[in-house]
Amino acid sequence: MENQAFKTNINCSGCVARVTNKLNETVGKDNWQVNTENPDKILTITHSDVPTEDVIEAVKSAGFKIEAIN
């Protein structure tokens, strides 16, 4: 599967820490990253066959907004 990209409101290292367990469980450790320097706070999922809906649910369950931008 190609990389998936999402616009989020994950905007600091504390926010990344809050979502880490959910994303690690959903897509696997080292298969995601958040660019908090980008104004759109882009979450990129790499090398994963996880459905977009599962990624969205994981991020929302950690208390953040997320929108697919592929």
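Residues numbered from 1 in each chain as written. Predicted model: local features only at pLDDT ≥ 70, side-chain atom pairs only at ≥ 80, totals over all residues. Heavy atoms only, no water.

(A) Local environment of the overall build of the protein chain. When you go through the protein chain residue by residue, the secondary structure sums to two helices and four strands. The N-to-C order of helical and strand elements in the protein chain reads β-α-β-β-α-β. Relative to the 2.2 N^0.38 estimate, which gives 11 Å for 70 residues, the radius of gyration of the protein chain is 10 Å and therefore close to what a compact globule would have. With respect to the three principal axes, the spread of C-alpha positions in the protein chain is 25 × 20 × 20 Å. In the protein chain, buried positions account for 39% of the 70 residues. Of all intrachain contacts in the protein chain linking residues separated by at least 6 positions in sequence, the fraction that spans at least 24 positions is 65%. Carbon together with sulfur atoms contributes 43% to the accessible area of the protein chain, which is approximately 4,300 Å² in total. (Helix = DSSP H or I, 4+ residues; strand = E, 2+ residues; numbered from the N terminus. Rg over C-alpha atoms; globule rule 2.2 N^0.38 Å. Buried < 20%, exposed > 50% of the residue type's maximum accessible area, 1.4 Å probe, protein only. Contact = heavy atoms within 4.5 Å. Areas by Shrake-Rupley, 256 points an atom, 1.4 Å probe, with all protein chains shown as cover.)

(B) Local environment of unusual backbone geometry. At D30, a residue that is not glycine, the phi angle is positive and equals roughly 70°. As for its position among the elements, D30 is in the loop between helix 1 (13–27) and strand 2 (32–35). The residue K41 is not glycine, and still its phi comes out positive at about 50°. Tracing the sequence through the fold places K41 in the loop between strand 2 and strand 3 (42–45). Residue K41 is classed as buried on the basis of its relative accessible area of 18%.

(C) Molecular detail of the packing of helix 1 against helix 2 (residues 52–61). One way to put it is that helix 1 packs onto helix 2 with a least axis distance of 8 Å and a crossing angle of 160°. In terms of orientation, helix 1 and helix 2 fall into the roughly antiparallel class. Between helix 1 and helix 2 lies a crossing of right-handed hand. The segment helix 1 lies against helix 2, with V19, K22, L23, T26 and V27 engaging D54, V55, A58, V59 and S61. (Axes fitted to C-alpha atoms, helices over the stretch in contact; angles between N-to-C directions. Parallel < 35°, antiparallel > 145°, perpendicular 65-115°, else oblique. Left-handed = near helix turned anticlockwise from the far one by under 90°.)

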